[in-house]
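The residues making up each chain are set out below.
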Amino acid sequence: MGRRIHLYSKFERFWHWSQALLIITMGVTGFEIHGAYHLVGFKAAVDFHTTAAWALIALWIFAIFWHLTTGAWKQYVPTREKLLSVAKFYAVGVFRGKPHPYERTTHRKLNPLQRLAYLAFKLVMAPMLWITGLLYMFYNEWPAWGLAAYLDLATVALVHVTGAILIATFLVVHVYMGTLGATPWEHFKSMLTGWEEVHSRDDGAEPSA
Amino acid sequence: MGGLPTVASDVTSSTADHTKFKDLQRTFASGPEVTRACLGCHTEAAKHLMRTQHWRWEFDNKLTGQKLGKRHVVNSFCGATASNDSYCTACHVGYGWKDLRKEHQGEDNVDCLICHDTTATYRKGEGAAGMPDATSVANLTEIARKVGKTQRHNCGNCHFHGGGANGAKHGDLDNSLITPSFYLDVHMDDMGLNFACSRCHGSAAHQVQGSRYATTARDTHGIDAPGRDDGNHATCESCHGAVPHQNRKLNHHTDRVACQTCHIPEFARGSVPTKTLWDWSTAGRLDGDGKPYSTVDPRGYEVYTSKKGTFDWGRNVTPEYRWYNGRIRYTLVTDRLDDTRQPVPINAIEGGPSDPDARIWPFKVMLGKQVYDTQRKTLLVNHIAGKGDPTAFWNGFDWATSLRVGTEYAGQPFSGQWGFVETTMLWPITHMVAPKDKALACDACHSRDGRLKDLSGFHMPGRDYNRFLEWLGFLLVGGALFGVLGHAAARAILAVRRRKGGGHGA
């Protein structure tokens, strides 16, 4: 049997799930505003999208503060250690029932692939969206802010939609990766409870082939 | 009614009761006689009036340098006024203007009653150069004592009936506005605010504000108040300001979208149809007995008359939208047409997305087929109307004669060769303001196939997208989905195979 370790604090779990809810809301309403489909109507979509945006900004402010004060930001520092073996695991090992090559601890709970993916999310995709999103939202202030000469709405919209597409792609893969625990729901469970069963190589849940 | 005096109470609240005026205790036999009595007290009124566009039928457009007004323009309805003077001036605010080539003179010739009759019985006679009809003359004595401030029916006498029939011309002006419901017009609702036309089209010295020849397409001046009035009270912003909504995002639209665009979702909303097409090329067909005839369609609308040609009509018409900065260039009879690119514009409007003075405005687009000189490439003055005059088209049905007479009268060069050219004429829509719950919803325009789908040159959320990015997004998200589903399937199959293939030690 494995040990149980406390991987995710209360705030971290609250942050994760409320962010998930807000991002999904923004995605669904955002692509409706984009004109991709008709669901709640343009006005309601804009209202939801805007409200969710402000909520997400508030959440991010708290999250950034939390990351800085707790030192949790270090979890995302990229590493090459075991990078290839983790990639190989998802490409080959997982089909053979091999255990995950990366051993998680409270201080290094993200494997090297996760670090890269989440860092890209935090440093590329999210800023892409919130910078262009705020510009979009304050389009009418551009002349007053002296931005009108440098920006045009079509470009801002293009970058915004590109960010949204990247996050949608991220979301698909992220949710699926969640099923790659010892059981398909194990990671989801630990993201809810905070506790995760850590399996050492010897007590692998699945026998090797 | 919110403390706003109604038209009726305006009249009774006046300090003067005209029925008690000594100078009006007499019998009147003609319009000018009444005017003389009016001018006895209102000594300057005629001088005011004779300086107005209503009198002169002339408008100097300072923005384009064009001389406009009914004396000079051609429209896509009856055409030009010249040679048809007495019929056209039936709607003039004067008496007896039979030759539009000359300025109309004589203070007694000002028609006070057409604007100030409160009995709604005063009418001008057809083809009578502005003189009242027989019934009105018989009632002049009574009508003269009951004068007052202008009401909707006064303006409507002429402005509702332009283009040859009730509602025909403008699309947003017809006699349904005499007693309109709240649905038809929130300001004119006779059970509500009950605005007269003059409530917005204010005047000083009889100069009425609000012009279609030079529209204030964007009033940046905002709410009018004494001391900071821009002299034009005929814009929505004059009362509502530039940020009239409680919703910030809606207010963000007012710099680029005219109020009318959302708040007048359709025109001709008062059950009266408006003419949308007038094809002169079919005019002049006669029946088996050589008599003119007319045809009515199943809706009861006149769709053909020998005198005028073929028509189409519309009710609850969706406007077309254009960038508009208030500058209009008319195609005058002196302007050369490019008949290789039809339809030719009768009035070309200016403005575009990069023009800060322009906003998106709703228009009635009037389609026409009009007579023109195929050699000289100009619109032609056509002699249409004239009592007992065989050279007038409506009597003789002969194009050659009526064009010869019309152009000669107007002093217009004419090659003798004529044909018909397709035309469009734009009529900005600004009346028949709907209740706010009937205003356009966001997705009327913010959608891929919305009302503004043909208006290019600016990015609009919900409408515009990058085709390349759409495909890229589809490939990325679709590819990711395909990838994870494949991965999942392989995992499942191999897990099952492992289990079956033994090795289930321990």
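In the block above lies the structure referred to throughout.
A brief structural summary. (Residues numbered from 1 in each chain as written. Chains lettered and ligands numbered in written order. Predicted model: local features only at pLDDT ≥ 70, side-chain atom pairs only at ≥ 80, totals over all residues. Heavy atoms only, no water.)

### Details of the overall build of chain B
Next, step 1: Each helix and strand counted, chain B has 16 helices and 15 strands in total.
Next, step 2: The dimensions of chain B, computed from C-alpha atoms along their principal axes, are 125 × 60 × 45 Å.
Next, step 3: Across the 506 residues of chain B, 48% fall into the buried class.
Next, step 4: For chain B, restricting intrachain contacts to residue pairs at least 6 apart in sequence, the fraction spanning at least 24 positions comes to 69%.
Next, step 5: Carbon and sulfur atoms form 56% of the exposed surface of chain B, whose accessible area is close to 24200 Å².
Next, step 6: Mean positive and mean negative side-chain charge positions of chain B (60 and 53 charges, respectively) differ by 6 Å. (Helix = DSSP H or I, 4+ residues; strand = E, 2+ residues; numbered from the N terminus. Buried < 20%, exposed > 50% of the residue type's maximum accessible area, 1.4 Å probe, protein only. Contact = heavy atoms within 4.5 Å. Areas by Shrake-Rupley, 256 points an atom, 1.4 Å probe, with all protein chains shown as cover. Lys, Arg positive; Asp, Glu negative; His and termini not counted. Charge placed at Lys NZ, Arg CZ, Asp CG, Glu CD.)

### As for the overall build of chain A
Next, step 1: A tally of helices and strands in chain A yields 7 helices and 2 strands.
Next, step 2: Listing each helix as α and each strand as β along chain A from the N terminus yields β-α-α-α-α-α-α-α-β.
Next, step 3: Projected onto the principal axes, the alpha-carbon positions of chain A cover approximately 65 × 40 × 30 Å.
Next, step 4: Taking as baseline every contact in chain A between residues at least 6 positions apart, the subset at least 24 positions apart corresponds to 66%.
Next, step 5: Within chain A, one finds 18 positive and 13 negative side-chain charges whose respective centroids are separated by 8 Å.

### Some remarks on the interface of chain B and chain A
Next, step 1: Across the contact, 31 residues belong to chain B and 36 residues belong to chain A.
Next, step 2: Buried area between chain B and chain A, both sides added, is near 2800 Å², and the carbon and sulfur share of it is 63%.
Next, step 3: Per-residue buried area on chain B facing chain A is highest for B:His459, B:Arg491 and B:Arg498; these three make up 22% of the total on that side.
Next, step 4: Summed over the shared surface of chain B and chain A, the number is 0 salt bridges.
Next, step 5: Counting across the chain B and chain A interface gives 10 residue pairs in polar contact (both at pLDDT 80 or more).
Next, step 6: Elements with a contribution of two residues or more to the side of chain B that touches chain A: helix 12 (248-251) and helix 16 (467-500) of chain B.
Next, step 7: It is helix 16 of chain B that contributes the most residues to the side of chain B that touches chain A, 15 residues altogether.
Next, step 8: Its residues placed into classes, the side of chain B that touches chain A shows 12 nonpolar, 9 polar and 10 charged. (Buried area = accessible area lost by both parts, 1.4 Å probe. Salt bridge = Lys/Arg side-chain N within 4 Å of Asp/Glu carboxyl O. Polar contact = N/O pair within 3.5 Å; in protein donor to acceptor, adjacent residues only side chain to side chain. Nonpolar A, V, L, I, M, F, W, Y, C, P; charged D, E, K, R; others polar.)

### Quick notes on the side chain of B:Gln209
Residue and element names in this part refer to chain B.
Next, step 1: Structurally, glutamine 209 is set in the loop between strand 4 (207-208) and helix 11 (237-240).
Next, step 2: Of the residues examined, glutamine 209 reaches a relative accessible area of 17% and is grouped as buried.
Next, step 3: Reaching out from glutamine 209, the side chain makes a polar contact with the backbone nitrogen of histidine 233 at a distance of 2.6 Å.
Next, step 4: Other than its neighbours up to four places away in sequence, glutamine 209 contacts Cys200, His201, Gly202, Gly231, Asn232, His233 and Ala234.

### Overview of the packing of aromatic side chains
Next, step 1: This structure, assessed with the given rule, holds 29 aromatic pairs over all chains.
Next, step 2: With a centroid separation of 5.0 Å and an interplanar angle of 75°, the aromatic rings of A:Tyr139 and A:Trp142 are classed as edge-to-face.
Next, step 3: Chaining the aromatic ring pairs together yields one cluster made of B:Phe77, B:Trp278, B:Trp280, B:Tyr301, B:Phe311, B:Trp313, B:Phe393, B:Phe397, B:Trp399, B:Phe420 and B:Trp427.
Next, step 4: Directly above the aromatic system of B:Tyr409 lies the positively charged group of B:Arg101, at a separation of 3.6 Å from the ring centroid.
Next, step 5: In this arrangement the basic side chain of B:Lys275 is found over the ring face of B:Trp278, its NZ or CZ atom lying 4.2 Å from the centre. (Phe/Tyr/Trp six-rings, centres within 6.5 Å; stacked < 30°, edge-to-face > 60°. Lys NZ or Arg CZ within 6 Å of the ring centre and 35° of its normal.)

### Let's talk about a nonpolar patch on the surface
Residue and element names in this part refer to chain A.
Next, step 1: Where nonpolar side chains cluster on the molecular surface, the patch consists of Ile24, Val28, Tyr37, Leu39, Val40, Phe48, Leu171 and Val175 and spans about 670 Å² of accessible area.
Next, step 2: Among the secondary structure elements, those contributing two or more residues to the nonpolar patch are helix 1 (10-33) and helix 6 (153-177).
Next, step 3: Relative to the assigned elements, isoleucine 24 resides in helix 1.
Next, step 4: Taking the relative accessible area as the measure of exposure, isoleucine 24 reaches 43% and is therefore partly exposed. (Patch = residues over 30% accessible without salt bridge, like charges linked within 9 Å, V, L, I, M, F, W, Y side chains within 5 Å.)

### Considering the packing of helix 1 of chain A against helix 2 (residues 42-70) of chain A
Describing two packed helices takes the angle between their axes plus the distance from one axis to the other.
Residue and element names in this part refer to chain A.
Next, step 1: Across the interface, helix 1 lies against helix 2 with an axial gap of 8 Å and an inter-helix angle of 150°. Of the possible angle classes, the one that applies to helix 1 and helix 2 is roughly antiparallel. The two elements helix 1 and helix 2 cross, and the hand of that crossing is left-handed.
Next, step 2: Classifying every residue of the contact of helix 1 with helix 2 gives 20 nonpolar, 7 polar and 2 charged. (Axes fitted to C-alpha atoms, helices over the stretch in contact; angles between N-to-C directions. Parallel < 35°, antiparallel > 145°, perpendicular 65-115°, else oblique. Left-handed = near helix turned anticlockwise from the far one by under 90°.)

### Description of empty space enclosed by the protein
Residue and element names in this part refer to chain B.
Next, step 1: Counted according to the given criterion, the structure contains 1 cavity of 30 Å³ or more.
Next, step 2: Each pocket or cavity is described by its volume, and for the largest cavity that value is around 90 Å³.
Next, step 3: Around the largest cavity, the lining residues are Val74, Cys78, Gly79, Trp280, Gln370, Val371, Leu379, Leu380, Asn382, Ile384 and Trp399.
Next, step 4: Of the residues assigned to the lining of the largest cavity, the class counts are 8 nonpolar, 3 polar and no charged. (1 Å grid on protein atoms, 1.4 Å probe; cavity = no way out; pocket = protein on both sides within 12 Å on 5 of 7 lines; lining within 4 Å. Points joined across faces, edges and corners; volume = space filled by probe spheres on them.)

### Considerations on helix 1 of chain A
Residues and elements named next belong to chain A.
Next, step 1: With 24 residues, helix 1 should reach 34 Å at 1.5 Å per residue; the first-to-last C-alpha distance of 34 Å fits that figure.
Next, step 2: Buried within helix 1 are the following residues: Glu12, Arg13, Trp15, Ser18, Gln19, Leu22, Ile23, Met26, Thr29, Gly30, Glu32 and Ile33.
Next, step 3: Lining the buried residues of helix 1 we find strand 1 (3-6), helix 2, helix 4 (112-137), helix 6 and helix 7 (186-193).
Next, step 4: Two residues or fewer past helix 1, glycine 35 is found with a positive phi of approximately 95°. (Expected span 1.5 Å × (residues − 1).)

### Quick word on the environment of B:Asp185
All names here are of chain B.
Next, step 1: Take aspartate 185: it is sitting in the loop between helix 9 (152-159) and helix 10 (197-200).
Next, step 2: Between the C-alpha atoms of aspartate 185 and lysine 377, which are 192 residues apart in sequence, the distance is 42 Å.
Next, step 3: Those residues in contact with aspartate 185 that sit more than four places away from it in its chain are Leu177, His431, Met432 and Val433.
Next, step 4: Among the polar contacts made by the side chain of aspartate 185, one reaches the main-chain amide nitrogen of histidine 187 at a distance of 2.9 Å.

### Quick notes on the packing of helix 6 of chain A against helix 16 of chain B
Next, step 1: Running from N to C, helix 6 of chain A and helix 16 of chain B point in directions that differ by 5°, and their axes come no closer than 9 Å. Classified by the angle their axes make, helix 6 of chain A and helix 16 of chain B are roughly parallel. Contact residues: helix 6 of chain A offers A:Leu158, A:Val161, A:Thr162, A:Ile165, A:Leu166, A:Ala168, A:Thr169, A:Val172, A:Val173 and A:Tyr176, while helix 16 of chain B offers B:Leu469, B:Gly473, B:Leu476, B:Val477, B:Ala480, B:Leu481, B:Val484, B:His487, B:Ala488 and B:Arg491.
Next, step 2: Grouping the constituent residues of the contact of helix 6 of chain A with helix 16 of chain B by class yields 15 nonpolar, 4 polar and 1 charged.

### What about the pattern of salt bridges?
All names here are of chain B.
Next, step 1: Applying the stated criterion across every chain, the model contains 28 salt bridges over all chains.
Next, step 2: The closest approach of N and O atoms between arginine 329 and glutamate 350, which form a salt bridge, is 4.0 Å. Here glutamate 350 lies in the loop between strand 12 (347-349) and strand 13 (359-373) and arginine 329 lies in strand 10 (residues 328-330), a separation of 21 residues in the sequence.
Next, step 3: Several salt bridges converge on common partners, so that one network encompasses Arg56, Glu58, Asp60, Lys67, Arg71 and Glu103.

### Some details on the nonpolar core
Residue and element names in this part refer to chain B.
Next, step 1: In terms of nonpolar packing, the biggest core is built from 46 residues, with Leu68, Trp280, Tyr324, Tyr330 and Trp399 touching the most fellow members.
Next, step 2: When residues of this core are traced back to their parent elements, those giving at least two are strand 8 (309-314), strand 10, strand 13, helix 14 (393-396), helix 15 (399-410) and strand 15 (418-428).
Next, step 3: With 6 residues, the top contributor of residues to this core is strand 13.
Next, step 4: Contact partners of tryptophan 399, with chain neighbours within four places excluded, come to Trp280, Ala283, Val371, Asn382, Phe393, Trp418 and Phe420.
Next, step 5: Formed by 22 residues, the second largest nonpolar core is a distinct cluster that contains Ala37, Ala46, Cys112 and Ile114. (Core = buried A, V, L, I, M, F, W, Y, C linked by side-chain atoms within 4.5 Å.)

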